[in-house]
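Survey of secondary and tertiary structure
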Amino acid sequence: MRSHVDAPPSPLLRERLGWVMPASHPLAGASMLEWSDVRATPGLSNRLCQQSGREWMQAFDRSAALRIHNTASLLAMVRAGLGMTLLPELAVLGLVDLAFVPCAEPEWRYLAVHTQALPSPAVQEFAAALHRYMG
């Protein structure tokens, strides 16, 4: 399996990208946020931002106070109130002390299986379980 920014023909999973911040952050209740909404807030960049072809994500990366490549370390720094970051929604699913606010400009990540034959029964069951869990 592989994660993609560009949509594959039939993804197993599609998840939004969004801003991650402490649940107590003043912007945590927003329904969506644009880059201009968070520009003045300290940022914590990650490889996702560095590798993006989107200018606004690269601008976020350039303005970030720190670049952190380990997700656990990144989330610990967000929890500590050192800044906000940009991550896929599943990275924070179920973490009640963090808030996820989708990007106003639709951004999605895709998970797909690349195979030359029909996926194995195990992969098919994994895909079914993902769809049941994600709704």
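For the structure, check the block above.
In short, a report on the structure. (Residues numbered from 1 in each chain as written. Predicted model: local features only at pLDDT ≥ 70, side-chain atom pairs only at ≥ 80, totals over all residues. Heavy atoms only, no water.)

Our next topic: the overall build of the protein chain. Across its full length, the protein chain holds five helices and seven strands. Along the chain direction, N to C, the helices and strands of the protein chain fall in the order β-β-α-β-α-α-β-α-β-β-β-α. Looking at the protein chain residue by residue over its 135 residues, the buried ones come to 39%. The contacts of the protein chain with a sequence gap of at least 6 include a subset with a gap of at least 24, amounting to 70%. As displayed, the protein chain offers around 7800 Å² of accessible surface, 54% of which is attributable to carbon and sulfur atoms. (Helix = DSSP H or I, 4+ residues; strand = E, 2+ residues; numbered from the N terminus. Buried < 20%, exposed > 50% of the residue type's maximum accessible area, 1.4 Å probe, protein only. Contact = heavy atoms within 4.5 Å. Areas by Shrake-Rupley, 256 points an atom, 1.4 Å probe, with all protein chains shown as cover.)

With that settled, the discussion passes to the pattern of salt bridges. For the structure on display, the rule yields four salt bridges. Across the salt bridge formed by Arg62 and Glu55, the nearest N and O atoms sit 2.6 Å from each other. Across the pair Asp97 and Arg79 runs a salt bridge, and its minimum N-O distance is 2.4 Å. Placement of Asp97 in the loop between strand 5 (85-88) and strand 6 (98-102) and of Arg79 in helix 4 (residues 71-79) is noted, with a sequence separation of 18 residues between them. (Salt bridge = Lys/Arg side-chain N within 4 Å of Asp/Glu carboxyl O.)

It is worth spelling out helix 4 at this point. Burial in helix 4 covers these residues: Leu74, Leu75 and Val78. Viewed along the axis of helix 4, the buried residues span an arc of 95 degrees, placing them on a single side of the element. (Arc of directions from axis to C-beta.)

The next thing to look at is the nonpolar core. In terms of nonpolar packing, the biggest core is built from 18 residues, with Trp19, Met21, Trp35, Trp56 and Leu86 touching the most fellow members. When contributions to this core are tallied by element, the ones reaching two or more residues are strand 2 (13-22), helix 1 (35-38), helix 2 (47-51), helix 3 (55-63) and strand 6. If you tally residues by element for this core, the top one is helix 3, at four residues. Residues Ile68, Leu75, Leu87 and Val92 belong to the second largest nonpolar core, which totals 10 residues. (Core = buried A, V, L, I, M, F, W, Y, C linked by side-chain atoms within 4.5 Å.)

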